[in-house]
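Per-entry structural report
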Amino acid sequence: MSLWKKLLWLAVAALGTWAVAMLALSRGEHISALWIVAAGFCALSISYRFYSKWLATKVLVLNEERATPAVLQNDNKDYVPTNRWMVFGHHFAAIAGPGPLVGPVLAAQFGFLPGTLWILIGATLGGGVHDMIVLFASIRRGGKTLGQMVREEIGRGVGLLASVSVLAIMIILLAVLALVVVQALAESPWGVFTIAVTIPIALIMGIGLRTGKVNVMAITIFGLLGLAFGVWGGQFLAHFPAIESWFRHDQKWLAWAIMIYGLAASILPVWMLLTPRDYLSTFLKLGTVAMLAAAVVLINPTLQMPAITKFIDGSGLVFAGPVFPFVCITIACGAVSGFHSLIASGTTPKMIRRESRIRSIGYGAMVTEMMVALMAMIAACVLQPGEYFAINTKGAPTEVVAKVSAAGFPVTEAEMQKLATNLGESTMFNRAGGAPTFAVGMAHMFARVSTKPTALALWYHFAIMFEALFILTTIDAGTRVGRFLLQDFLGNLWRPLGNTRSWSANFFSSVLLVAAWGWFLYEGVIDPLGGINSLWPLFGLANQLLSVVALCLGTTLLIKMQKSKYLFVTLVPLCFMCAVTFSAGYLKVFSSDPRLGFLSGAESLLSQAATITDPLQAANLARQATIWRFDAFVAVFFLVLVLLIVLGSAKQWWQLLRGTKRVVLHESEFVPLSAVS
């Protein structure tokens, strides 16, 4: 490296350090959101340039000449060698679900500092490693799923536990992803219209590329024009009430529609709907995030939220729980996400042409998602804290205003009504879940570059649609990956069900999977308390437990690859995630605070039901208490399974390091890429 390059990288490191210092040490004053952008950009640049390259060349030793599963097993259905940019688009769209958008917004109740630090550290040292090593492992093993790899590399007993836990966790994850979409699109014709338009556009793109008569550039231009029409045209539905009624639906209708869409995405060939739609969505995602970053640079907004709030003790208005471990649990996909391991061992390894792409797709997509999470944190923290807490606190308007103001963040009903009017909404009370808050913050920044009085409302509805599209692309890929996992499990019971080349087996498994996560989705939709309050913590817990399983696999592989001196790469994030998940799990189940613990919360609901004279309302509370008890059972089930997996993995590590167990590495046979070509 030349002297000038060394000086450049030293300057980037110095800027990043200074930005973090400004965020951490500034007290009693409002500081610029630019410091968060600068810290994120520097962390992304340095970690990708140096750490990911070191992982690729020294730890994993990627081989450019080795044929990948996409090339060796090309079946024009699941295994399809795909343009690297389309693979990146698919992978990024699939992993970037609600976590990097909703999680940081919810975690902003602790202040901007705890969440920002966790995003920066977790993504570069944990999430990027997690994603990259699982993608590498799956490609070296013919595109096998996480459960299959754990069974082969760690042991059949641990593998069975992993298969059960991964499948169960996957069902919860998909249900929560779908619930966030449903809540964002309910009674929003513009959002539903844009989402609906992307489906036929994706089908046309997929068929056009498959014929081989249309190049990627032409099909990309067509897709972008179609997407622009969907985004722009939705605002005119209000002028045509008859047409608008086609796209205005309640949460129950949307829940069924998303189930049908997930079923189709799981069954159809990957090139027909999944890949082109995810690729198309990535342009909107990255384009919007880039616009948001540019808006921060141009506008230089001030962070209104304090660096650290009084709610770090667990008494938060948005959700209960202390800053540790719940800042890590709440910001799921933005830092370390177990869901990524399912995509990295599901659809993505079956599409990559060369091993060298593992670095840019595995690590690169993760640190790109880190920037998305930081933008979401900024969007939440540039709002007036009183408005932020009023939007995310449940209750009657008068009650919410009194509660938020008493906490030290003054707000009035008149201010909230003015905000709703400017956004083109009837009210902004009881809009918990994170998505509306992100949309408000994003609209505030974008609207400042326009003088039109309707700009705020237009940008708000654009942001809602953007979030729904962002998350829906995770559902389609996740359902397909879940089908792979379910077929892997069912194949042990009856071999024909595990045949992924069989249409009937694929259809049967897809129906079972969609029915499972659809049940949780529907329960969340009819939940009188909003659904997201109980399901989001369970989602975060399940997601992080899944990352523990993936990091156990990564540690085992490093030992078997004779890379024991590099064990800290996976062991450090593994130990931290174990501390996070098991402490959070204990609190969510057994805490005596009814706002935090599932069991105490269920008892509190039953007590309320006993004092209510309205039988319907009492029945709803009793039903919710039953669901919370079931959630407690699910959380304990996950915790026990993952604990057994960790203990089984640790036992094997000890045996391998002592030399008392023979090392068997289940890698596929090396086949030169030139021989296949």
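Scroll up a little and you will see the structure.
This text gives an overview of the structure that appears in the document. (Residues numbered from 1 in each chain as written. Predicted model: local features only at pLDDT ≥ 70, side-chain atom pairs only at ≥ 80, totals over all residues. Heavy atoms only, no water.)

Take the pattern of salt bridges next. Within the structure shown, the criterion is met by 11 salt bridges. Salt-bridge contacts for Glu 64 lead to Arg 354; the nearest nitrogen and oxygen are separated by 3.4 Å. Here Glu 64, found in the loop between helix 2 (34–59) and helix 3 (69–72), pairs with Arg 354, found in the loop between helix 15 (339–344) and helix 16 (357–381); they are 290 residues apart in sequence, far enough to count as distant. Given a relative accessible area of 29%, Glu 64 falls into the partly exposed group. The exposure class assigned to Arg 354 is partly exposed, which follows from its relative accessible area of 32%. Linking Arg 140 and Glu 667 is a salt bridge whose minimum nitrogen-to-oxygen distance equals 3.1 Å. Here Glu 667 lies in the loop between helix 26 (615–658) and helix 27 (673–676) and Arg 140 lies in helix 6 (residues 112–140), a separation of 527 residues in the sequence. On the accessibility criterion, Arg 140 (7% relative accessible area) is buried. Judged by its relative accessible area of 26%, Glu 667 falls in the partly exposed class. One connected set of salt bridges, linked through shared partners, spans Arg 66, Arg 140, Glu 355 and Glu 667. (Salt bridge = Lys/Arg side-chain N within 4 Å of Asp/Glu carboxyl O. Helix = DSSP H or I, 4+ residues; strand = E, 2+ residues; numbered from the N terminus. Buried < 20%, exposed > 50% of the residue type's maximum accessible area, 1.4 Å probe, protein only.)

In this section: a nonpolar patch on the surface. On the surface, a nonpolar cluster with roughly 720 Å² of combined accessible area is contributed by Tyr 586, Phe 590, Leu 599, Val 636, Val 640, Leu 643, Leu 644 and Leu 647. Elements that contribute at least two residues to the nonpolar patch include exactly helix 24 (568–590) and helix 26. Examining the composition of the nonpolar patch, we find that 5 residues originate from one element, helix 26, more than from any other. By secondary structure assignment, the location of Leu 599 is in helix 25 (residues 598–611). (Patch = residues over 30% accessible without salt bridge, like charges linked within 9 Å, V, L, I, M, F, W, Y side chains within 5 Å. Areas by Shrake-Rupley, 256 points an atom, 1.4 Å probe, with all protein chains shown as cover.)

Another point: the packing of helix 5 (residues 99–107) against helix 16. Relative orientation of the contacting elements helix 5 and helix 16 amounts to 40 degrees, with a least axis distance of 8 Å. Relative to helix 16, helix 5 is oriented oblique. At the point where helix 5 passes helix 16, the crossing takes the right-handed sense. For the pair helix 5 and helix 16, contact is made by Pro 100, Leu 101, Pro 104 and Val 105 and by Glu 369, Val 372, Ala 373, Ala 376, Met 377 and Ala 380, respectively. Classifying every residue of the contact of helix 5 with helix 16 by side-chain character gives 9 nonpolar, no polar and 1 charged. (Axes fitted to C-alpha atoms, helices over the stretch in contact; angles between N-to-C directions. Parallel < 35°, antiparallel > 145°, perpendicular 65-115°, else oblique. Left-handed = near helix turned anticlockwise from the far one by under 90°. Contact = heavy atoms within 4.5 Å. Nonpolar A, V, L, I, M, F, W, Y, C, P; charged D, E, K, R; others polar.)

Taking 1.5 Å as the rise per residue, helix 25 with 14 residues should run 20 Å; its terminal C-alpha atoms sit 20 Å apart, in good agreement. All of the buried residues along helix 25 are Phe 598, Ser 600, Gly 601, Ala 602, Leu 605 and Ala 609. (Expected span 1.5 Å × (residues − 1).)

Our focus in this paragraph is the side chain of Gln 652. Along the chain, the position of Gln 652 falls in helix 26. Once you skip the residues sitting within four places of it in the chain, Gln 652 turns out to touch Glu 153, Ile 154, Thr 556, Lys 560 and Lys 661.

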